[in-house]
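Take a look at the letters that make up each chain.
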Amino acid sequence: MNFKRFKFISAQVYVGIIGLAVILIIYAFNNYAKNYLLKINKINNILLNIEKEEYRLNYYILKNSLFLYSSFDENVYSIKEIKNKINVLKDNLLKMNESFILKYLFEYKKAFNKKVYYVYEFQKVNAPIKNSTIFLDTLLSTLPELNVPVNYRKKVVYAVSSVYLAKFTNDMSLIKNININYFKKIKFNNKKANLFNQSLILHINVILNNLSKYNIYLNKILNSDSIEKLHKLKQKFLIISNIQINSFTIIGYFGIFILFALFVALIILIGMVEKDKDLLYELAYIDNVTNIYNRNKYLEDQNKFNAILLLNIDGFKNINDLYGRERGDKILMEVADFLKKLDKNVYRIVADNFAILSKDKNLVETYVKTIMNTFEYVNYSVDEKLDFQISLSAAISEKKPLLKTAEIALHYIKQNKRLKFIEYNDNLDNSEKIKRNIKKSTILSNAINNNRIIPYFQPIVDVKTDKIIKYEVLARIDNNGKIESIFPYLEIAKENRMYREITKIIISKAFEMLYNKNIYFSVNLSIEDILDAEIIWFLRKKFREFKGIEKYLTFEILESEAVKDYKQVEKFIKLMKMKNISFAIDDFGSGYSNFAHIINLDIDFIKIDGSLIKNIDKDSVSKTVVELVGLFAKRENIKTIAEFVHNKEVFEIVKNLGIDYVQGYYLYEPLPEPI
């Protein structure tokens, strides 16, 4: 499998951002266009209503001019409606910020107000004309009853009919031949006829005096340019609206183009995502060095299988440190490629740990044999000059959780170098030991921090005189009132780097308790202490603080540890010898002793290991070894000390073997202070 690491490319990011922006713009544009069209529609309706009302007003005016009993109320109502609509139109145009259109609205409003002026003037002259016309009609009906000349009758009929024709045809020429003076000069003998003639003259004069104005105002109203101004306003608004709508159309086409482009880009992206599916899979489940499954995939698969084979490359850290990470990765790939040929369920758990999961334990056991045999005979080339062999440690487990139990088994192999392969069993589980060590570490840390590391003093007795010649200072822990030996905590102290503090505490307290008391005493030093520059600096400081204490002091070097650099130990002893400090090798004969090195170290005492002394009454080999140590010491003029003398029989044996000094519970237990 050749996977590439997945990542978003810039084109995908750009298309995503543009797509989101376009969607937001389209949404906003759609709302804006929708609201704008609604406003246009509302204004068009207002304009249309104004136009209808204008024509309705003209109709009412004509109706007033033609019908003698027509009211002016409809005119007033229509004018009021138009004025209200003009105000509403103005408010809506202001909301649309169409100041250009307002100019035409004001022109229309001015023309309409002028028309309204003529309407009211028309009503002023139309009212008396209508009344006189109606009265003349009534007056004419009384003419047959009058006793007047025939010629007068003809003149009356002619005058009234001319007035009617002029009134309803607006033709002023029809009344120009009315001889009003004729009627003014004529006098009748009867009162009724004279009253008739006076009424006739009065109403004809009303009509003659107002009909001209009547015609002028009527023409002004009917030929008013208000409707023309209104049409111009509508036309301008229509033009601006069309421009805006056309811009919407263009933007819409552009939006369609962008959407089409995004659709094409989306198709391309879908194709790219389909292509990159394996990249996403790689991110989650594939190790980027070896191209096999990683720990995530293992955690997902682990419950599907019954057995695990856990493998570790021996000394892989050394390969990385010596040849570099690139070469180390090459080794990981070589191992991974081989394991893939064995089984498809191969995982790189972490660093140089590989796992194979299987439902059949026998199958993974077969894998172990194949792997061990293969790597035992195959050399890998680091460069042209160097080939080396890879070795693997292997652990098998059927107990769940598989990885945890296999790791316990593999950890056991790493602690027991002779093993290459092991199958997990419950005896390998050291989790209880780890818990105990954690508890010990806590107790030890609390004791250091709360000044509960204390010195105890065990007397060392001269075998010949039975007198105490010195004390060995031993470290004890005050564990909540219970005094315990430091020995069970020493390993933890070294692992957790607390050993140095214990050494410094014991030396400080021993010096404080024994200073100026002329008591000889010995203090244990480990090889780590001797090689620790901070301990050397600390000792110098204490020697300056407790001057003269050096001649009573013996350092017991713990010889149970392998000394890798005798030169440094020798240098330290020579340095301290210059201060009259004595030296003893502790636990001599415990396994690391080297007689030649002991001679070179200029030692004053050899403290024979307790494992040889405590059974010396039953173990002849131990007795022989102790005897040889005694003879060696006497030849080199080194005093010997036997520890762990726990009964009389042991005491008598070491005394007969010529051992110089003894210590142990048979004589004295460790004491809180010298006696």
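Shown above is the structure to which this text applies.
Nothing here was measured: the structure is a model prediction, and the numbers come from that model. (Residues numbered from 1 in each chain as written. Predicted model: local features only at pLDDT ≥ 70, side-chain atom pairs only at ≥ 80, totals over all residues. Heavy atoms only, no water.)

**Q** Would you explain the overall build of the protein chain in this entry?
**A** Scanning the protein chain for helices and strands turns up 23 helices and 16 strands. Over its C-alpha atoms the protein chain spans a radius of gyration of 63 Å, topping by over 25% the 26 Å that the globule rule assigns to 675 residues. Dimensions along the principal axes, computed over C-alpha positions, put the protein chain at roughly 200 × 70 × 45 Å. Put simply, 70% of the contacts in the protein chain that link residues at least 6 apart link residues at least 24 apart. (Helix = DSSP H or I, 4+ residues; strand = E, 2+ residues; numbered from the N terminus. Rg over C-alpha atoms; globule rule 2.2 N^0.38 Å. Contact = heavy atoms within 4.5 Å.)

**Q** What is the right way to read the pattern of salt bridges from this model?
**A** Note that side chains of opposite charge can pair when their charged atoms are close. The final tally for this structure, using the stated rule, is 28 salt bridges. Taking the shortest distance from any N to any O, the salt bridge between K504 and E534 comes out at 3.0 Å. Placement of the pair is K504 in helix 16 (residues 499-514) and E534 in helix 18 (residues 533-545), with a sequence separation of 30 residues. Shared partners join several salt bridges into a network, and the residues in it are R500, E501, K504, D532 and E534. (Salt bridge = Lys/Arg side-chain N within 4 Å of Asp/Glu carboxyl O.)

**Q** What should I look at first to understand the sheet that holds strand 6 (residues 392-397) in this one?
**A** Taken in spatial order, the 5 strands line up as 2-3-1-6-7 in an open sheet, and their pairing is mixed. Here the strands that pair on one side only, and so sit at the sheet edges, are strand 2 (346-350) and strand 7 (421-423). For this sheet, the mean inter-axis angle between neighbouring strands, taken without regard to orientation, is 20°. As paired elements, strand 6 and strand 7 share 3 bridges and run parallel to each other. Residue pairing for strand 7: A394 is matched across the bridge by F421. (Pairing = 2+ DSSP bridges. Axes fitted to C-alpha atoms, helices over the stretch in contact; angles between N-to-C directions.)

**Q** So what exactly am I meant to see when it comes to the layout of surface pockets here?
**A** A water-sized probe rolled over the atoms picks out the places where empty space is left. Counted as a void, the largest pocket has a volume near 1100 Å³. Along the wall of the largest pocket there are 39 residues; nearest its centre are E472, L474, F487, L490 and N524. Listing elements by their share of the lining of the largest pocket, those giving two or more residues are strand 8 (453-462), strand 9 (468-479), helix 15 (490-495), helix 16, strand 11 (521-525), strand 13 (582-588) and helix 21 (610-613). The dominant element in the lining of the largest pocket, judged by the number of residues it contributes, is strand 9, at 5 residues. Each residue belonging to the lining of the largest pocket can be placed in one class, and the counts come to 16 nonpolar, 11 polar and 12 charged. (1 Å grid on protein atoms, 1.4 Å probe; cavity = no way out; pocket = protein on both sides within 12 Å on 5 of 7 lines; lining within 4 Å. Points joined across faces, edges and corners; volume = space filled by probe spheres on them. Nonpolar A, V, L, I, M, F, W, Y, C, P; charged D, E, K, R; others polar.)

**Q** Can you help me understand the environment of R635 in this one?
**A** The topology assignment puts R635 in helix 22 (residues 620-635). For the pair R635 and D462, spaced 173 residues apart in sequence, the C-alpha to C-alpha distance is 19 Å. Within the structure, R635 has its side chain in polar contact with the side chain of E636 (distance 3.0 Å). (Polar contact = N/O pair within 3.5 Å; in protein donor to acceptor, adjacent residues only side chain to side chain.)

**Q** Sorry, what's going on with unusual backbone geometry here?
**A** For residues besides glycine, phi is generally negative; the peptide bonds are generally trans as well. Residue P401 is bonded to the preceding K400 through a cis peptide linkage, with omega at 0°. Along the chain, the position of P401 falls in the loop between strand 6 and helix 13 (402-415). Phi is positive for N580, which is not a glycine, with a value near 70°. Here N580 lies in the loop between helix 19 (566-577) and strand 13. Of note in the backbone geometry, D587 takes a positive phi value of approximately 55° without being a glycine. With respect to the secondary-structure elements, D587 resides in strand 13.

**Q** I would appreciate a short explanation of helix 18 in the present structure.
**A** At 3.6 residues per turn, the α-helix brings residues three or four places apart onto the same side. With 13 residues, helix 18 extends 19 Å between its outermost C-alpha atoms, agreeing within 8% with the 18 Å of an ideal straight helix rising 1.5 Å per residue. Buried within helix 18 are the following residues: I535, I536, F538, L539, K542 and F543. Viewed end-on, helix 18 has its buried residues packed into an arc of 160°, placing them on one side of the element. Away from its buried face by more than 90 degrees, helix 18 exposes A533, W537 and R544. Buried residues in helix 18 make contact with helix 16, helix 17 (527-530), strand 12 (553-558) and helix 19. (Expected span 1.5 Å × (residues − 1). Buried < 20%, exposed > 50% of the residue type's maximum accessible area, 1.4 Å probe, protein only. Arc of directions from axis to C-beta.)

**Q** How should the nonpolar core be read in this particular structure?
**A** It is characteristic of soluble globular proteins that their nonpolar side chains tend to be buried jointly. Formed by 72 residues in total, the largest nonpolar core has its most connected members in L444, I453 and F555. Among the elements that take part in this core, helix 16 stands out by supplying 8 residues, more than any other. Discounting chain neighbours no more than four positions away, the residues touching F555 are V523, L525, L539, F543, F572, M576, I581, S582, F583 and A584. I40, I46, Y152 and V156 belong to the second largest nonpolar core, which has 60 residues in total. (Core = buried A, V, L, I, M, F, W, Y, C linked by side-chain atoms within 4.5 Å.)

**Q** Looking at this structure, how should I read a nonpolar patch on the surface?
**A** On the surface, a cluster of nonpolar side chains totalling about 680 Å² of accessible area is made up of F260, F263, V264, L266, I267, I268 and I270. If you trace the backbone, F260 turns up in helix 7 (residues 226-275). (Patch = residues over 30% accessible without salt bridge, like charges linked within 9 Å, V, L, I, M, F, W, Y side chains within 5 Å. Areas by Shrake-Rupley, 256 points an atom, 1.4 Å probe, with all protein chains shown as cover.)

**Q** Would you mind going over helix 22 with me for this structure?
**A** Over its 16 residues, helix 22 extends 23 Å from the first C-alpha to the last, a length consistent with the 22 Å expected when each residue adds 1.5 Å. Among the residues of helix 22, those classed as buried are S622, V626, V629, G630, F632 and A633. Here the buried residues of helix 22 occupy an arc of 165° about the axis, which is enough to place them on one side. Relative to its buried face, helix 22 has exposed residues pointing more than 90 degrees away, namely S620, V621, L628, L631 and R635. Just downstream of helix 22 lies N637, where phi reads positive at about 60°.

**Q** What is the right way to read the environment of P488 from this model?
**A** For P488, the location among the structural elements is in the loop between strand 10 (482-485) and helix 15. A residue is classified by how much of its surface remains accessible, and P488, at 42% relative accessible area, is partly exposed. Between the C-alpha atom of P488 and that of Y55, which follows or precedes it by 433 residues, the distance is 118 Å.

**Q** Please clarify how the packing of aromatic side chains should be interpreted in this entry.
**A** Each aromatic ring pair is described using two quantities: the centre-to-centre distance and the angle formed by the ring planes. In this structure the tally under the stated criterion is 27 aromatic pairs. Taking the centre distance of 5.8 Å and the plane angle of 75° together, the rings of Y152 and F183 count as edge-to-face. Separated by 31 residues along the polypeptide, Y152 in helix 4 (residues 150-169) and F183 in helix 5 (residues 180-185) bring together distant segments of the chain. Overall, the relative accessible area of 0% leaves Y152 in the buried class. Between F511 and F546 the ring centres are 5.8 Å apart and the planes differ by 80°, which places this aromatic pair in the edge-to-face class. Pair noted here: F511 is in helix 16 and F546 is in the loop between helix 18 and strand 12, with a separation of 35 residues, a long-range link. For F511, a relative accessible area of 1% corresponds to the buried category. Taken together through their ring pairs, the aromatic side chains of F511, Y515, F521, F543 and F546 make up a single cluster. We note K297 situated over the ring of Y293; from NZ or CZ to the ring centre the distance is 5.3 Å. (Phe/Tyr/Trp six-rings, centres within 6.5 Å; stacked < 30°, edge-to-face > 60°. Lys NZ or Arg CZ within 6 Å of the ring centre and 35° of its normal.)

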